[in-house]
Amino acid sequence: MKAPLESARPVLLVTGIAAGFGVSIAAEFAAAGYDVLGLARSSQAPAHAVQLVAQAGGRYTHLACDITRPAEAAEVLRPHAGRIDVLVHNAAMLLIKDFAETTADEFEQVWRVCSLGAFVAGQIVLPQMAARGSGTVIFSGATAGRRGAAKFAAFASAKFALRGLAQSLAREYGPKGVHVAHVVLDGLIDEAQTDQRFGPAPSGRMEPQALARAYLGLATQHPSAWTHELDLRPFAGRF
């Protein structure tokens, strides 16, 4: 277990951190003065995360655990929980499959990553934020959290659940000084894993750095004008 961060800088926790959008979030917040905790199943930090955070004057600490296992996540996160100022739950599992061919195990695992993972991280971090009277929690949603397309039964139901969780937590913890926001990522993010799944595209995708700036903006809003739900989509997106 890694020792807790000891720094005057605020701390960002990103669950499901990976090359692309997750690392962009880490870099953007580091440039704004944050140290970064990156959590993933892999014990290896994503490429460039340590370097980009260090270049911005921050410290990157990689935490390895399965966020869907509450006891394991608590053991890894609790030593740091009191210092986390911003939580971004970015862990997700996309399944595009005919409903009749989707197994119960697959359906459950998608929900565990997208929704249960948010619950687990929130239960560890939110009480500490509420005790301080400050903090920001951002849940990365998706188009599927607004409408369920064909072959998206598992993913859409999990993202609908995440959206409902965000609304409930915002109403419970907002009066305690904690900003809870849900971001609808209504499009494909321009990163390697998108190319691997859908093939390359010359334009029309969302730039990870631009998304990360929007997340930082949520974390810096004045309590008198908090955004709860933010829609982000590329210029060419249909909605």
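Please refer to the structure placed before this passage.
So, a few notes on the structure that sits alongside this text.

**Digging into the layout of surface pockets**
Consideration 1: Considering only enclosed or pocket space, the largest pocket measures out at about 1300 Å³ in volume.
Consideration 2: Of all the secondary-structure elements, those providing two or more residues to the lining of the largest pocket are α1 (21–31), β2 (35–40), β5 (136–142), α5 (153–173) and α6 (192–198).
Consideration 3: Of the residues forming the lining of the largest pocket, the biggest block, four residues, is contributed by α6.
Consideration 4: Across the lining of the largest pocket, the residue classes break down as 24 nonpolar, twelve polar and eight charged.

**Observations concerning the nonpolar core**
Consideration 1: Membership of the largest hydrophobic core comes to 31 residues, with the highest contact counts inside it found for Leu-13, Ile-124, Val-137 and Phe-139.
Consideration 2: Broken down by secondary-structure element, the contributors of at least two residues to this core are β1 (11–15), β2, α3 (70–81), β4 (84–89), α4 (104–132), β5 and α5.
Consideration 3: Top contributing element to this core by residue count: α4, with eight residues.
Consideration 4: Apart from the residues lying within four places of it in its own chain, the contact partners of Phe-139 are His-89, Ala-118, Leu-162, Leu-165, Ala-166, Leu-169, Val-180, Ala-181, His-182 and Val-183.

**Overview of α3**
One turn of the α-helix equals 3.6 residues, which is why residues spaced by three or four share an orientation.
Consideration 1: Between the first and last C-alpha of α3 there are merely 14 Å, a value that for twelve residues lags more than 12% behind the 16 Å anticipated at 1.5 Å per step.
Consideration 2: Of the positions making up α3, those classed as buried are Ala-73, Ala-74, Val-76, Leu-77, His-80 and Ala-81.
Consideration 3: Tucked into the core, α3 has its buried residues touching β1, β2, β3 (60–64), β4 and α4.

**Comments concerning the environment of Tyr-60**
Consideration 1: Structurally, Tyr-60 is set in strand β3.
Consideration 2: Note: C-alpha distance between Tyr-60 and Trp-111 (51 residues apart in sequence) is 28 Å.
Consideration 3: Among the polar contacts made by the side chain of Tyr-60, one reaches the side chain of His-62 at a distance of 2.8 Å.

**As for the sheet that holds strand β7 (residues 229–232)**
Consideration 1: Spatial strand order, β3-β2-β1-β4-β5-β6-β7: seven strands in an open sheet with parallel pairing. The two strands at the open ends of the sheet, each matched to only one other strand, are β3 and β7. Between one strand axis and the next, the sheet turns by 20 degrees as a mean value, whatever way the strands run.

**With respect to the pattern of salt bridges**
Consideration 1: Under the criterion given, the structure shown has twelve salt bridges.
Consideration 2: A salt bridge links Lys-151 to Asp-98; the nearest nitrogen and oxygen atoms lie 3.5 Å apart. Of this pair, Lys-151 sits in the loop between β5 and α5 while Asp-98 sits in the loop between β4 and α4, placing them 53 residues apart in sequence.
Consideration 3: Judged by its relative accessible area of 32%, Asp-98 falls in the partly exposed class.

**As for the packing of aromatic side chains**
Consideration 1: Scanning the model with the defined rule gives three aromatic pairs in all.
Consideration 2: Aromatic pair Phe-29 and Tyr-34: ring centres 5.1 Å apart, planes at 80 degrees, arrangement edge-to-face. Each member of the pair, Phe-29 as well as Tyr-34, carries the same accessibility label: buried.
Consideration 3: Geometry around Tyr-173 places Lys-176 over its ring, the cationic atom sitting 4.9 Å from the centre.

Calculation rules
Residues numbered from 1 in each chain as written. Predicted model: local features only at pLDDT ≥ 70, side-chain atom pairs only at ≥ 80, totals over all residues. Heavy atoms only, no water. 1 Å grid on protein atoms, 1.4 Å probe; cavity = no way out; pocket = protein on both sides within 12 Å on 5 of 7 lines; lining within 4 Å. Points joined across faces, edges and corners; volume = space filled by probe spheres on them. Helix = DSSP H or I, 4+ residues; strand = E, 2+ residues; numbered from the N terminus. Nonpolar A, V, L, I, M, F, W, Y, C, P; charged D, E, K, R; others polar. Core = buried A, V, L, I, M, F, W, Y, C linked by side-chain atoms within 4.5 Å. Buried < 20%, exposed > 50% of the residue type's maximum accessible area, 1.4 Å probe, protein only. Contact = heavy atoms within 4.5 Å. Expected span 1.5 Å × (residues − 1). Polar contact = N/O pair within 3.5 Å; in protein donor to acceptor, adjacent residues only side chain to side chain. Pairing = 2+ DSSP bridges. Axes fitted to C-alpha atoms, helices over the stretch in contact; angles between N-to-C directions. Salt bridge = Lys/Arg side-chain N within 4 Å of Asp/Glu carboxyl O. Phe/Tyr/Trp six-rings, centres within 6.5 Å; stacked < 30°, edge-to-face > 60°. Lys NZ or Arg CZ within 6 Å of the ring centre and 35° of its normal.

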